[in-house]
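Residue-level listing of the chains:
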Amino acid sequence: MKQKVLYISQEISPYLSESPMAVQGRDLPQAVQEKGFEVRTFMPKYGSINERRNQLHEVIRLSGKNIIIDDTDHPLIIKVATLQPTRMQVYFIDNDDFFHKFPCKGLETDTDPAQNDERMMFFTRGVVETVKKLRWEPAIINCMGWITAMHPAALRTLYHEDPAFASARIVYALRPEDFEGTLDPRFQEKLRQWDVAPETLKALGTEPVTAAALHRFAMDYADAIVLDAPGVDPELIAYAEATGKPFLRPDYDGDVVQQYADFYHSLLGADCA
């Protein structure tokens, strides 16, 4: 039986322009799939993504759930496309409150940063709730990009009793791309409305929350860490090493994809046999 790997990515090419993160978001899952894993990927449905050109369509059976953030209901819309040539399925988390309805220039994370805290919260719950509906239980969950930084804590606290994720190994990928400034000062207050325990939020430090604090928060709850690109803050690398968790620092002169595959196998251990 093929082991299932869920990639949760901030950007994926060709749906977005070919930034280093978007290229990695496309190439790594496809290459890992070719190594014999079963792969699915999730990303935000930014307004700059052309739905017609990229052949996105809504999945009605997965859409419709309301996600409550700060006492406001936000309907979850799920769209899907097939990435060629590997026919890998890419799922898009959409909502008109956080992502533009019509094509636009720039990403909402940059053009409307004031909503980044709620946008990240919506994306987090949207991915997890959709994976549950799919009845697709991943063995590895690979989180790539700061917008995925809440997933490790959410899976290990809010969803810790859910059998779909109980045995999954969560990998957090450290990358240099960050948002500027801080998140909304009420970010932790909004999380408390989800019944997130105060001891969980201690890892975020004091308000307002910075990108570096988010990365540390993600590493605290992840099972393993990957140095996914050059240029990461040395202090964050030192923090990753200090956790004592499995930490992959790929040798880019070698077969990087095989290094990822071997790393995943090592995390699964006997489950991989």
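Burial of strand β1 (residues 4-9) is extensive: six of the six residues sit out of reach of the surface. Of the two faces of β1, the one carrying Lys4, Leu6 and Ile8 and the one carrying Val5, Tyr7 and Ser9 are both buried. The pairing of β1 with strand β8 (residues 140-144) spans five bridges and is classified as parallel. Bridging across to β8, Val5 finds its partner in Ile140.

The strand order across the open sheet formed by nine strands is β3-β6-β7-β2-β1-β8-β9-β10-β11, and the pairing between neighbours is mixed. At either end of the open sheet lies a strand with only one pairing partner, and these are β3 (57-58) and β11 (247-248). Helix α4 (residues 116-134) rests against β1, β2 (38-44), β6 (77-83) and β7 (88-94) of the sheet, and its axis sits at about 145° to β2.

A word on the nonpolar core. Counting residues in hydrophobic clusters, the biggest one holds 95 residues, and the most contacted among them are Tyr15, Met43, Phe187, Leu191, Leu214 and Tyr264. In terms of residue count, α4 provides more of this core than any other element does, eight residues in total. Filtering out sequence-adjacent residues up to four positions away, Tyr264 remains in contact with Val5, Tyr7, Leu28, Val32, Phe37, Ile140, Asn142 and Val171.

When you line up the elements, Asp228 lands in the loop between β10 (224-227) and α9 (234-242). Taking relative accessible area as the criterion, Asp228 reaches 3% and is therefore assigned buried. For Asp228, the side chain forms a polar contact with the side chain of Gln24, separated by 2.9 Å. Here the side chain of Asp228 touches Tyr260 through a polar contact of 2.3 Å, side chain to side chain. Asp228 has contacts with Gln24, Met144, Ala173, Leu174, Arg175, Tyr252 and Tyr260, leaving out every residue within four places of it along the chain.

Between its terminal C-alpha atoms helix α1 (residues 20-34) stretches 21 Å, which fits the 21 Å expected from 15 residues at 1.5 Å a residue. All of the buried residues along α1 are Met21, Ala22, Gln24, Gly25, Arg26, Leu28, Pro29, Gln30, Ala31 and Val32. Considering only its buried residues, α1 is in contact with β1, β2, β6, β7, β8 and α10 (256-268). A positive phi of about 105° marks Gly36, the residue just after α1.

Oppositely charged side chains can form a pair if their charged atoms are brought close together. According to the stated counting rule, one finds 18 salt bridges in the structure shown. The residue Arg186 makes a salt bridge to Glu189 at a minimum N-O spacing of 3.0 Å. Glu189 sits in the partly exposed class, given a relative accessible area of 34%. Taken together, the shared-partner salt bridges connect Lys45, Glu51, Lys79 and Asp94 into one network.

Let us look at the packing of aromatic side chains. Scanning the entire structure with this criterion turns up 10 aromatic pairs. The interplanar angle of 90° and the centroid separation of 5.8 Å between the aromatic rings of Tyr46 and Phe99 together place this pair among those described as edge-to-face. In this pair, Tyr46 sits in the loop between β2 and α2 (51-54) while Phe99 sits in the loop between β7 and α3 (108-111), placing the two residues 53 residues apart along the sequence. The same class applies to Tyr46 and to Phe99, which are both buried.

What counts, and at which threshold
Residues numbered from 1 in each chain as written. Predicted model: local features only at pLDDT ≥ 70, side-chain atom pairs only at ≥ 80, totals over all residues. Heavy atoms only, no water. Buried < 20%, exposed > 50% of the residue type's maximum accessible area, 1.4 Å probe, protein only. Helix = DSSP H or I, 4+ residues; strand = E, 2+ residues; numbered from the N terminus. Pairing = 2+ DSSP bridges. Contact = heavy atoms within 4.5 Å. Axes fitted to C-alpha atoms, helices over the stretch in contact; angles between N-to-C directions. Core = buried A, V, L, I, M, F, W, Y, C linked by side-chain atoms within 4.5 Å. Polar contact = N/O pair within 3.5 Å; in protein donor to acceptor, adjacent residues only side chain to side chain. Expected span 1.5 Å × (residues − 1). Salt bridge = Lys/Arg side-chain N within 4 Å of Asp/Glu carboxyl O. Phe/Tyr/Trp six-rings, centres within 6.5 Å; stacked < 30°, edge-to-face > 60°.

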